[in-house]
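# A look at the structure
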Amino acid sequence: MEYDEEEEKILKQVLSAFVLYRKYGHTLIQQKRKLMSQLPFEHKGLLLQDSENNFLKHLSRLDDCVKRNSVVADAIVKAGIPVFYPNFDVNNVLHVSSEMMQKVSGTLKQLARDWSEESANERQATYVPILQELDSLFPLGSIDRSQIHILVPGSGLGRLAFDIAAQGFSCQGNEFSYFMLLTSHYMLNCVSTINEFVIHPYIHSFSNHVTRDNQAAEVAIPDVVPSECLNHGAFFSMAAGDFIEVYGDKSSENRFQVVVTCFFIDTAKNILSYLDVIKNCLVDGGYWINVGPLLYHFENDCDSQHENPTIELTLDQLLFIMDSMGFEVLKHDSTATKYMGDKRSMLEWIYHPHFWVSRIQKANLQQF
Ligand SMILES: C[S@@+](CC[C@H](N)C(=O)[O-])C[C@H]1O[C@@H](n2cnc3c(N)ncnc32)[C@H](O)[C@@H]1O
């Protein structure tokens, strides 16, 4: 792969973050030990007298959990280097910000969402309605599904795109985060058995746990081995890069019969530019299926407001504009779901994402 200087730096930082994960995780736990040692004598005594819940023992257990998580992080790096950046030297990593390190822990939770049996309920609420819709638009046996080209922008760790391809469609995932691209590369191409790894996605927060066991909860991944399921002759690929840059020009015009977005459209600075690109890459009469909330990612990003102002449309505004752009909504519903939720936690965010199936009519539209 070819990278410009800035991209190469980001990729190097992301690989470095995975390499440094183990050290970072142990450092965070060591900081807790230090804080504990600074507690008043009586408080330390109270914490240590509970033999079941001895806090120092718990911290040692968290060290073991970090070690297990780092097995996956190291495997992601090892598999990613030859494909993404053969010149990367694991012994010569970059200094990485704590924000980047937190993205590694976020990736662990995303692994649970996409690739564990435990999070099947999240996928049931979001991915399954999309798969059912594709099934009814293109019933098995009535059409050669490999001729139906489906794009999944913002595909995260690739599960939805994989599930679509496993139904026999030609599917392309698109993603711009190297955390996601490196990890999805590993999950899609390199895992070889169900429950090959145990990860501990919730160890990095000490809040809202009912028990210490909950903080150290184990999640087994993967629940499926992708390489064993993609033998239907369908074409499956991942395209790296910004959705607008990759699919916004003439070369992507009319490339897909369906665009599927899941928890994606609110990542735009200007959601209307996403709609333009979705329209550009759909064939006339093609479908846009969406599920997700409108939690605009850039709303509070003051830096980006100066050079590139953001807009935050309400759902009804969006639906009105979709209509003017030629998207006819055929089906519209709402659901309730968590996103990277921990079922044991005392805090769970519930989203009420909207689901729609729309069809684009490109011809005979009034031009403004
Ligand atoms: C909220 S996550 C949803 C991931 C996945 N669809 C799911 O449902 O779990 C949004 C994803 O979109 C990706 N993303 C955001 N902006 C993007 C862009 N402009 N081009 C490509 N991917 C983007 C992010 O890196 C992230 O993985």
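Notes on the structure follow. All values reported here derive from a predicted model rather than from experimental measurement.

The rules behind the values
Residues numbered from 1 in each chain as written. Predicted model: local features only at pLDDT ≥ 70, side-chain atom pairs only at ≥ 80, totals over all residues. Heavy atoms only, no water. Helix = DSSP H or I, 4+ residues; strand = E, 2+ residues; numbered from the N terminus. Rg over C-alpha atoms; globule rule 2.2 N^0.38 Å. Contact = heavy atoms within 4.5 Å. Lys, Arg positive; Asp, Glu negative; His and termini not counted. Charge placed at Lys NZ, Arg CZ, Asp CG, Glu CD. Near = heavy atom within 4 Å. Polar contact = N/O pair within 3.5 Å; in protein donor to acceptor, adjacent residues only side chain to side chain. Areas by Shrake-Rupley, 256 points an atom, 1.4 Å probe, with all protein chains shown as cover. Salt bridge = Lys/Arg side-chain N within 4 Å of Asp/Glu carboxyl O. Buried < 20%, exposed > 50% of the residue type's maximum accessible area, 1.4 Å probe, protein only. Patch = residues over 30% accessible without salt bridge, like charges linked within 9 Å, V, L, I, M, F, W, Y side chains within 5 Å. Pairing = 2+ DSSP bridges. Right-handed = clockwise from strand over helix to strand, strands pointing away.

## Side note on the overall build of the protein chain
Along the backbone of the protein chain there are 13 helices and nine strands. For a compact globule of 368 residues, the expected C-alpha radius of gyration is about 21 Å, and the protein chain comes in at 22 Å, within 12% of that figure. Its C-alpha atoms put the protein chain at 80 × 45 × 40 Å along the principal axes. By sequence separation, contacts in the protein chain at least 24 residues apart represent 76% of the contacts at least 6 residues apart. Between the centroid of the 30 positive side chains of the protein chain and the centroid of its 46 negative side chains there is a distance of 7 Å.

## Some details on the site of the ligand
Near the ligand lie 19 residues; those nearest to it are R113, G154, E175, D242 and F243. One nitrogen or oxygen atom from the side chain of R113 is found 2.8 Å from an oxygen atom belonging to the ligand. Within the side chain of Y127, a nitrogen or oxygen atom sits 3.2 Å from an oxygen atom of the ligand. Summarising the interface, the protein chains cover 90% of the accessible area of the ligand, which totals 590 Å² for the free molecule.

## Considering the pattern of salt bridges
Inspection of every chain in the model, using the stated rule, returns 14 salt bridges. In this structure, the salt-bridge partner of R61 is D213, at a minimum N-O distance of 2.7 Å. Here the residue R61 occupies a position in helix α3 (residues 55–84), and D213 occupies one in helix α8 (residues 212–215), the gap between them amounting to 152 residues. Overall, R61 belongs to the partly exposed group, its relative accessible area being 34%. D213 gets classed as partly exposed once you look at its relative accessible area, which sits at 47%. When the shortest N-O distance is used, the salt bridge between E253 and K250 registers 2.9 Å. Overlapping salt bridges, with partners in common, bring together R123, R159, D163 and D223 in one network.

## Regarding a negative patch on the surface
There is a patch of like negative charges on the surface, built from D4, E5, E6, E7, E8 and E245. Ranked by the residues each element gives to the negative patch, the list is headed by helix α1 (residues 5–37), at four residues. Overall, the relative accessible area of 65% leaves E245 in the exposed class.

## Some thoughts on the pairing of strand β6 (residues 256–262)
Most of β6 sits out of view: six of its seven residues are buried. Judged from the two bridges that link them, strand β1 (residues 149–153) and β6 form a sheet pairing that is parallel. In the sheet register, I150 faces β6, and the bridge partner there is V258. Relative to strand β7 (residues 282–292), β6 runs parallel, the two sharing six bridges. The residue bridging V260 from the neighbouring strand is I289, located in β7. Crossover handedness for the path β6 to helix α11 (residues 271–281) to β7: right-handed.

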